[in-house]
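Structural characterization, general
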Protein chains: 2
Amino acid sequence: MYRSHTCGELNLTNNGTEVTLSGWVQKARALGGMTFVDLRDRYGITQLVFNMESDAALCERANKLGREFVIQAKGKVAERSSKNLNIPTGEIEILVSEFTVLSESETPPFIIENETDGSEELRLKYRYLDIRRPKLRDTLIMRAQINKAVREYLDNKDFIEIETPNLIKSTPEGARDFLVPSRLVNGAFYALPQSPQILKQLLMVAGMDRYYQIVRCFRDEDFRGDRQPEFTQVDCEMSFVHQDDIFDTFGGLIQYVFKKVLNHDLPALQRLKYDDAIRLYGSDKPDLRFDCKIVELNALLPKSEFGVFNTQIENGGLVAGLNAKGCAAYTRKQLDELTEFVKASHRGLGGLVNIKFNEDGSVKSSIDKFFTEEQLREIGKAFDAQKGDLLLIAADKISKVRKSLGDLRLDLAKRNNWIDEKSWSVLWIVDFPLFEKGEESGEITFAHHPFCSPHPEDLQYFDTDPTRVRAQTYDMVMNGNEILSGSIRIHQKDIQERVFNNLGLTPEDREKKFGFMLNAFKYGAPPHGGCAFGMDRLVMLMSGGDTIRDVIAYPKTSGGRDLMMDAPTAVDEKQLKELGIKVVG
Amino acid sequence: MYRSHTCGELNLTNNGTEVTLSGWVQKARALGGMTFVDLRDRYGITQLVFNMESDAALCERANKLGREFVIQAKGKVAERSSKNLNIPTGEIEILVSEFTVLSESETPPFIIENETDGSEELRLKYRYLDIRRPKLRDTLIMRAQINKAVREYLDNKDFIEIETPNLIKSTPEGARDFLVPSRLVNGAFYALPQSPQILKQLLMVAGMDRYYQIVRCFRDEDFRGDRQPEFTQVDCEMSFVHQDDIFDTFGGLIQYVFKKVLNHDLPALQRLKYDDAIRLYGSDKPDLRFDCKIVELNALLPKSEFGVFNTQIENGGLVAGLNAKGCAAYTRKQLDELTEFVKASHRGLGGLVNIKFNEDGSVKSSIDKFFTEEQLREIGKAFDAQKGDLLLIAADKISKVRKSLGDLRLDLAKRNNWIDEKSWSVLWIVDFPLFEKGEESGEITFAHHPFCSPHPEDLQYFDTDPTRVRAQTYDMVMNGNEILSGSIRIHQKDIQERVFNNLGLTPEDREKKFGFMLNAFKYGAPPHGGCAFGMDRLVMLMSGGDTIRDVIAYPKTSGGRDLMMDAPTAVDEKQLKELGIKVVG
């Protein structure tokens, strides 16, 4: 080794020891005949000291060290006169007797500290320098710790890690596949897996009983927002289980990971029905770190001449609102911002009614004309409105009101700092619908994928009222983000048939799309179910990052480019010729 | 859960307990008013019993159970009258009071036992049934155990698991890349990684210090023999290390894995120089589970008129042989087989000289005409020949003799069962040459890859005698198979320049081929080195499998096909159009 110790481990107990350290020069400064060098490695920073009096030549060489030079230094551990108690090595320094430059460095293109002057583009190009910043380094280390904790837990529960292939068959389902041309079978293509869904279900048919894999998946989607073309999931499947077993197992997993990695005791996960989540929070991934539920008013509204409410109620719409606690003093400008927020095209409300319960005890509303103060106070009771509270009420189609108020709820939380950043909201969303009806087409489609098992007690609605059939499908939601999705799968041929019938799939479709899987199910399929964690998002949340890119060593831009390697690129004609393909257009 | 216990855990201590088991019907047989069902799951087999006398209806239903039906059975644990002490559950049986068929099964296309009647093609097509065979199941379980042991060891040594991307840049080096057309950048391609070599070296530049990953790699080679287009390696890299640190770390790893998984104490790994391996065993991956070294005779041969020897020695060739211990009684036919073996086109010897040291004390040779018995006995001394031994001697170009005798050595071991299948030969091969000279072209090429560091003490030969320069490159060899390869990398710009000069690379070549990596090395590269284990082969050896396919859940055929999924396949024109490519020819 080029070192006897790392730069993160020496302290006063090592006082007087001869040591050898290696690392990068974080900074060097000459000060009254002394030169101080902060030497950095993955484990920490240790101060090196050079003294003009004791060795002028060595000290002068040290003065020539630039940032990010790699050096090996020998010397004796000594107690510092001016201590830095913020770092573990802050009570000692190394009196250097000898050092070697292992590698010089040009001036880096940006400052290698958490607070950097580099743009994201520049940092992605020089990712190997970006990773030297403690924030990114620590995130990658935490990612490894999370992987480790996940595996420990699952190994202890008799899960077997099994690798599934990356060169598989392209299926017309779901998102767009990345394709890989085959050279040996010209004109044919492999696909990169969007997930090992079918392969893991076949492992259950194969009797492997409990499977997991921390696995790369690929989706050739348009990279809206924070998506990556390749991403990682913790993929799991269990045989002979009911939904409750899944909740216990994977609720336990997330508790274990939080304890191991963050030393945080996460309480047992609550379950919230999909219908309730939508009704109360306007979202199937509600953030419960704060309350502020949607209150539905259709049944509570006093009679009035207010046409907006009356029309919606008559037409099957919804009147509902939120209590923005403590916001009664919002200015006209602030209220206008909230109105603009809900009027944005993807929300599409016409506006918001407000009722202010002022600190002075008075009640003011944008619908004073239609409601008496008495009536407004009556409405306020439904929201448990107190002095200082602001009620915001919308009336429109049910889904529009819920979605808009759900978004508004989050917006209010941000504006008012309602969220304690140290708190965690982790819960199960359960009882998703099995089928969805297209809003325009009225066509029945599956809400998740066609192998999700219906609730046995809902089979009675299968033919008469299919959208009423609940699926044994579940999500885990963390701080308002979906971090896991899964289901109990269908293992009975007759139920699978009925699902396909409802989806209007012909026997030919079935064979083409799911043939090899259906074939496997002829040979004794056990009841089974599973889930997949979105690992990138989980790590992002646990590490407090802002984007998925923060938790990936070498991420791609939103355009799918790797700026460091400069990929994708044109390739030699010879390569394409061997594959029997040609670039067109 | 559909079970209270698995089919592998019940024994006499559970006697009298009410249990619920779920699993597959291995076999069912009716016998004098009783029906016995072997119920199988991943954990074992438990015998279920049904009794006509106590419940005729239930027993009759049980008689209808077919092989591979999935059932759930409830009943009481009872002591068996006729015990099977070969399995952990063999002292008990379950007196079934109730059972449910969870899933029926058609007759499987082959017998689901270790000794099966299914061809490999059939078994690959129905891989989910093949995996139900205990042999394949146990191999996949052992694979997971090996992964776990590897990670435990490396985690404890401060290695960080870091994921590298699968969609990277195509480079013209090495084997052929699999390409992935980019839809967002039409006409551009990603490549699937042949290994994360450059990416892991950049993690060292990034200061991550110790990295590992159990990672999928891809090579679009012609699938000779036992190759898979996708394979798994344990990929590792360390900073601030010398070769000895690598030997300690990864020798320790393999010892740890053997202890954990096989409970076998592997001794510390010996190191054998590449030159010695080639000289003594005719191979850079010698199997040392048996001895039988090559003995070189050039300096020892008595003067004779035997032209074959004399010519080769005069022309710089080699005369060398093996002692086939105990084979003096080989028949003419057997000797002819050995001769044919070394005459095969890829070995290309003209023949073999034999000297038999017969049990009766006589010496017989195919070159009796040219050598006296005295001289033959003298030659025998070099081989430590005893009564009953057979010497086999070749004379040809050095490389041809070594390769042929190396192969012959293995062939003899197989013929004579010299190998104790329970023994292990694991060792380091070290001091590989840095450069190779093309036999025909005389051109200098790198033996491993151009980032391998030369031995510092050999830099003196760099310009004058480059093939004499040893690289800090090493392989780990297990039972005659290379299971690890690695090197200390070059981290100094000037040495990298000299290597490139020797390879005749122009500055343009360098930039195009290795640009982003060389750029990274400008910003403070630490000394570093690493290696990669071939995981599939390691698992194959440890599990006693015959082919790589045995240790992969869903392998491909030698033609690169997945017979279960039927991949690769043609895809929709629409998909190709979006990618801007077209199938030609």
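Residues numbered from 1 in each chain as written. Chains lettered and ligands numbered in written order. Predicted model: local features only at pLDDT ≥ 70, side-chain atom pairs only at ≥ 80, totals over all residues. Heavy atoms only, no water.

1. Quick word on the pairing of strand 17 (residues 426-430) of chain B
Regular strands show a simple pattern: their side chains alternate between the two faces of the sheet. Residue and element names in this part refer to chain B. Across the 5 residues that make up strand 17, a large majority, 5, are buried. Along strand 17, one buried face is formed by V426, W428 and V430 and the opposite face, lined by L427 and I429, is buried too. As judged from the 4 bridges shared by strand 11 (residues 270-273) and strand 17, these two strands associate in the parallel manner. Bridging from a neighbouring strand, Q270 pairs with L427 of strand 17. (Buried < 20%, exposed > 50% of the residue type's maximum accessible area, 1.4 Å probe, protein only. Helix = DSSP H or I, 4+ residues; strand = E, 2+ residues; numbered from the N terminus. Pairing = 2+ DSSP bridges.)

2. A short note on the relation of the copies chain A and chain B
Rotating chain A by 180° and translating it 0.0 Å along the rotation axis places it on chain B, where the RMSD comes to 0.1 Å. Given the turn and translation reported, the copies of this chain are related as if by a two-fold rotation axis. Comparing interface residues between copies, 100% of those in chain A also sit at the interface in chain B, which points to an isologous, same-surface contact. (Least-squares fit on C-alpha atoms with pLDDT ≥ 70 in both. Contact = heavy atoms within 4.5 Å.)

3. Describing the domain arrangement of chain A
Interfaces are frequently sized by the accessible area removed from exposure as the parts join. According to the domain assignment, chain A contains domain 1 (12-103), domain 2 (136-273 + 425-552) and domain 3 (290-415). Between the C-alpha centres of domain 1 of chain A and domain 2 of chain A the distance comes to 51 Å. (Domains from an automatic or database assignment.)

4. A short note on the sheet that holds strand 13 (residues 318-324) of chain B
Residues and elements named next belong to chain B. Spatially, 5 strands are ordered 12-13-16-14-15 in an open sheet, and the strand pairing comes out antiparallel. The sheet is open, and its two edges are formed by strand 12 (295-296) and strand 15 (363-365), each paired on a single side. Where strand 13 lies against strand 16 (residues 390-396), 7 bridges are found, and the strand directions are antiparallel. Considered in strand 16, the bridge of L322 is made with L392. Taken strand by strand, helix 11 (residues 398-415) contacts strand 12, strand 13 and strand 16, and its axis lies near 5° from that of strand 13. (Axes fitted to C-alpha atoms, helices over the stretch in contact; angles between N-to-C directions.)

5. Description of the pattern of salt bridges
Residue and element names in this part refer to chain B. Going through the model one piece at a time under the given rule, you end up with 100 salt bridges over all chains. Between E68 and R132 there is a salt bridge, with its nearest N and O atoms 2.8 Å apart. Here R132 lies in the loop between helix 3 (127-130) and helix 4 (134-156) and E68 lies in the loop between helix 1 (56-63) and strand 4 (70-79), a separation of 64 residues in the sequence. The pair formed by E68 and R132 is uniform in burial state, with each residue classed as buried. (Salt bridge = Lys/Arg side-chain N within 4 Å of Asp/Glu carboxyl O.)

6. Here we look at the environment of E106 of chain A
Counting through the fold element by element, E106 of chain A comes out in the loop between strand 5 (92-103) and helix 2 (120-125). Taking the C-alpha atoms as reference, E106 of chain A lies 43 Å from K414 of chain A; in sequence the two are 308 residues apart.

7. Digging into the side chain of E161 of chain B
Locating E161 of chain B in the fold gives a position in strand 6 (residues 160-161). Residue class for E161 of chain B comes out buried when judged on its relative accessible area of 9%. Looking at E161 of chain B, its side chain comes within polar contact range of the side chain of N147 of chain A, at 2.9 Å. A distance of 2.9 Å separates polar atoms of two side chains, one belonging to E161 of chain B and the other to R151 of chain A. Beyond its immediate sequence surroundings of up to four residues, E161 of chain B is in contact with A144, N147 and R151 of chain A together with R151 and Y212 of chain B. (Polar contact = N/O pair within 3.5 Å; in protein donor to acceptor, adjacent residues only side chain to side chain.)

8. Considerations on the interface of chain A and chain B
Across the boundary between the two partners, chain A contributes 117 residues, which contact 117 residues of chain B. Inspection of the chain A/chain B interface yields 14 salt bridges. Between R183 of chain B and D222 of chain A there is a salt bridge, with its nearest N and O atoms 3.2 Å apart. Among the elements that take part in the side of chain A that touches chain B, helix 4 (residues 134-156) of chain A stands out by supplying 9 residues, more than any other. Among the residues making up the side of chain A that touches chain B, the classes are represented as 61 nonpolar, 24 polar and 32 charged. (Nonpolar A, V, L, I, M, F, W, Y, C, P; charged D, E, K, R; others polar.)

9. Things to note about the side chain of N358 of chain B
Here N358 of chain B lies in the loop between strand 14 (353-357) and strand 15. The contact partners of N358 of chain B, leaving out residues within four places of it in the chain, are A328, K364, K387 and G388 of chain B.

10. Here's the deal with the sheet that holds strand 1 (residues 18-31) of chain B
All names here are of chain B. Pairing within the closed barrel is mixed, and its 5 strands lie in the order 1-2-3-5-4. Neighbour-to-neighbour, the strand axes of this sheet turn through a mean angle of 55°, independent of strand direction. As defined by bridge partners, strand 1 adjoins strand 4 across 7 bridges and the pair is classed as antiparallel. Within strand 4, the position partnered with V19 by the bridge is G75. Against the sheet, helix 1 makes contact with strand 1, strand 2 (34-41), strand 3 (44-51) and strand 5 (92-103), and its axis sits at roughly 65° relative to strand 5, the strand it touches most.

11. Here's the deal with unusual backbone geometry
A cis amide bond links A567 of chain A to the next residue, P568 of chain A, at an omega of -5°. Assignment of secondary structure puts P568 of chain A in the loop between helix 14 (535-543) and helix 15 (573-579). In the Ramachandran plot, D431 of chain A falls in the positive-phi region, its phi being about 60° despite a non-glycine side chain. Structurally, the position occupied by D431 of chain A is in the loop between strand 17 (426-430) and strand 18 (435-437). Phi angles above zero are rare outside glycine, and F240 of chain B is one such case at about 60°. Mapped onto the fold, F240 of chain B is located in the loop between strand 10 (230-239) and helix 6 (243-262).

12. Concerning the state of the cysteines
All names here are of chain B. All told, the structure shown has 0 disulfides over all chains when counted by the stated rule. The thiol sulfur of C217 is not disulfide-bonded, and the nearest other cysteine sulfur, from C236, lies at 12 Å. Not engaged in a disulfide, the cysteine C327 finds its nearest cysteine sulfur in C292; these two sulfurs lie 8.7 Å apart. Of the residues examined, C327 reaches a relative accessible area of 1% and is grouped as buried. (Disulfide = S-S within 2.5 Å.)

13. Considerations on helix 12 (residues 493-502) of chain A
Residues and elements named next belong to chain A. By the burial criterion, the buried members of helix 12 are I495, Q496, V499, F500 and N502. The arc that holds every buried residue of helix 12, seen down its axis, measures 160°, which confines them to one face. At its buried positions, helix 12 is contacted by strand 18, strand 19 (444-446) and helix 13 (507-520). (Arc of directions from axis to C-beta.)

14. Side note on the packing of aromatic side chains
All names here are of chain A. For the coordinates displayed, the defined rule picks out 42 aromatic pairs over all chains. Aromatic side chains F258 and W424 sit 4.8 Å apart centroid to centroid with 90° between the ring planes, which places their arrangement in the edge-to-face category. Note that F258 is positioned in helix 6 (residues 243-262) and W424 in the loop between helix 11 (398-415) and strand 17, a separation of 166 residues in sequence. Relative accessible area serves as the criterion here: at 0%, F258 is assigned to the buried category. Judged by its relative accessible area of 22%, W424 is partly exposed. (Phe/Tyr/Trp six-rings, centres within 6.5 Å; stacked < 30°, edge-to-face > 60°.)

15. A look at the packing of helix 12 (residues 493-503) of chain B against helix 13 (residues 507-520) of chain B
Packed helix pairs are specified by the crossing angle of their axes together with the interaxial distance, meaning the distance between the axes. Residue and element names in this part refer to chain B. Between helix 12 and helix 13, the least distance of the axes is 13 Å, while the angle of their chain directions is 165°. What the angle tells us is that helix 12 and helix 13 run roughly antiparallel. Handedness of the crossing formed by helix 12 with helix 13: right-handed. Residue-level contacts link Q496, E497, F500 and N501 of helix 12 to R510, F514 and L518 of helix 13. (Parallel < 35°, antiparallel > 145°, perpendicular 65-115°, else oblique. Left-handed = near helix turned anticlockwise from the far one by under 90°.)

16. Here's the deal with the environment of Y523 of chain A
All names here are of chain A. Looking at the secondary structure, you find Y523 in the loop between helix 13 and strand 22 (528-534). Take Y523: its relative accessible area is 7%, and that puts it in the buried class. For the pair Y523 and V205, spaced 318 residues apart in the sequence, the C-alpha separation amounts to 7.9 Å.

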